[in-house]
Amino acid sequence: FMPPSRIVLIVATLGGIALMVRSVWGEPVPLEYAIAAFIGYTALATVGVLFPQLEMFGDVLWRGEGDQGVVLIFDDGPHPEHTPKILDILEENNVRATFFLVGRKVRLHPEVVKQIVERGHSLGLHGYQHDRLFSWKTPKYVEEDIQRTQKAIEEACGQRPTLFRPPIGHVSTRTAAGAKKAGVTLVAWSAK
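No experiment lies behind these values; they were computed from the predicted model shown. (Residues numbered from 1 in each chain as written. Predicted model: local features only at pLDDT ≥ 70, side-chain atom pairs only at ≥ 80, totals over all residues. Heavy atoms only, no water.)

A. Fine view of the nonpolar core. Formed by 27 residues in total, the largest nonpolar core has its most connected members in Phe-99, Leu-101, Ile-146 and Phe-164. Residue assignment for this core shows that the elements contributing at least two residues are helix H3 (82-92), strand S3 (97-101), helix H5 (110-118), strand S4 (122-125), helix H6 (139-157) and helix H7 (173-182). Of all the elements, H6 adds the most residues to this core, at five residues. Contacts of Leu-101, omitting those with residues within four sequence positions, involve Gly-77, Pro-78, Val-106, Val-113, Ile-116, Leu-123, Gly-124, Leu-125, His-126, Gly-127, Thr-149 and Ile-153. Residues Leu-9, Leu-44, Met-56 and Phe-57 belong to the second largest nonpolar core, which totals five residues. (Core = buried A, V, L, I, M, F, W, Y, C linked by side-chain atoms within 4.5 Å. Buried < 20%, exposed > 50% of the residue type's maximum accessible area, 1.4 Å probe, protein only. Helix = DSSP H or I, 4+ residues; strand = E, 2+ residues; numbered from the N terminus. Contact = heavy atoms within 4.5 Å.)

Shown next as C-alpha cells:
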C-alpha cells in the first residue's frame, strides 16, 4: 500500500518532467506556468519534509495498531539531571517510555543510559549531534550518523536500537534513503 502523499509526489514529479520535456522539444511553457509549477512542487516537497506522518518520502512509524493506548517518547537526552527525574515519575506511575537519544550526549552520560535500560524503558536514535539541517545531509552522512549513534548507545548499555527519529523530526528523501541503508525504522509522532 502506497501512501496517498507519495502518489501525489510521483504524479507531481511526472508532471514536472512533462513540462520540462515540452519546453525542450516543443513550445516552451509560459513563464508564469513554470514559476507556478516550481512553487507548487517546492511547497509539496516541503510539506512532506515537515510532516513525516504523510510518509511522502519513506515509510514512517507514527501510530500503533488498534487500541494500544498512548506511547510516551522523550527526545534529546540523556540529561544527567532531567532524565533521572523523568524516570522517577514514570516509575511512580508504572509507565514505560521510549527515549530517543543523542549520541554525543550518550558519550557524556553513559550512566544515565544504563539507568534508562535498567528501569525497563526502550531506546531509540536521535542523531549524533542533533543537527538541525539533518534532512539536507546526504544518505551516506545519515547512514554513518545513525551507525555512530548506535555504536555510542551499544557501548553505553549493550543495546543497539533500530528506531530512529531524525532531529527535529524532518524526513526528506535523503533521510529516508540513509535510514534504509542503515537498516533502521523511521519514527514520527501522532500528537505533541
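Here the narrative resumes.
B. Local environment of the pairing of strand S2 (residues 72-77). Here S2 runs beside S3; their pairing, made up of five bridges, is parallel. Each residue of the ladder has a partner; that of Leu-72, found in S3, is Ala-97. (Pairing = 2+ DSSP bridges.)

Remember that the coordinates give geometry; whether it matters functionally is a separate question.
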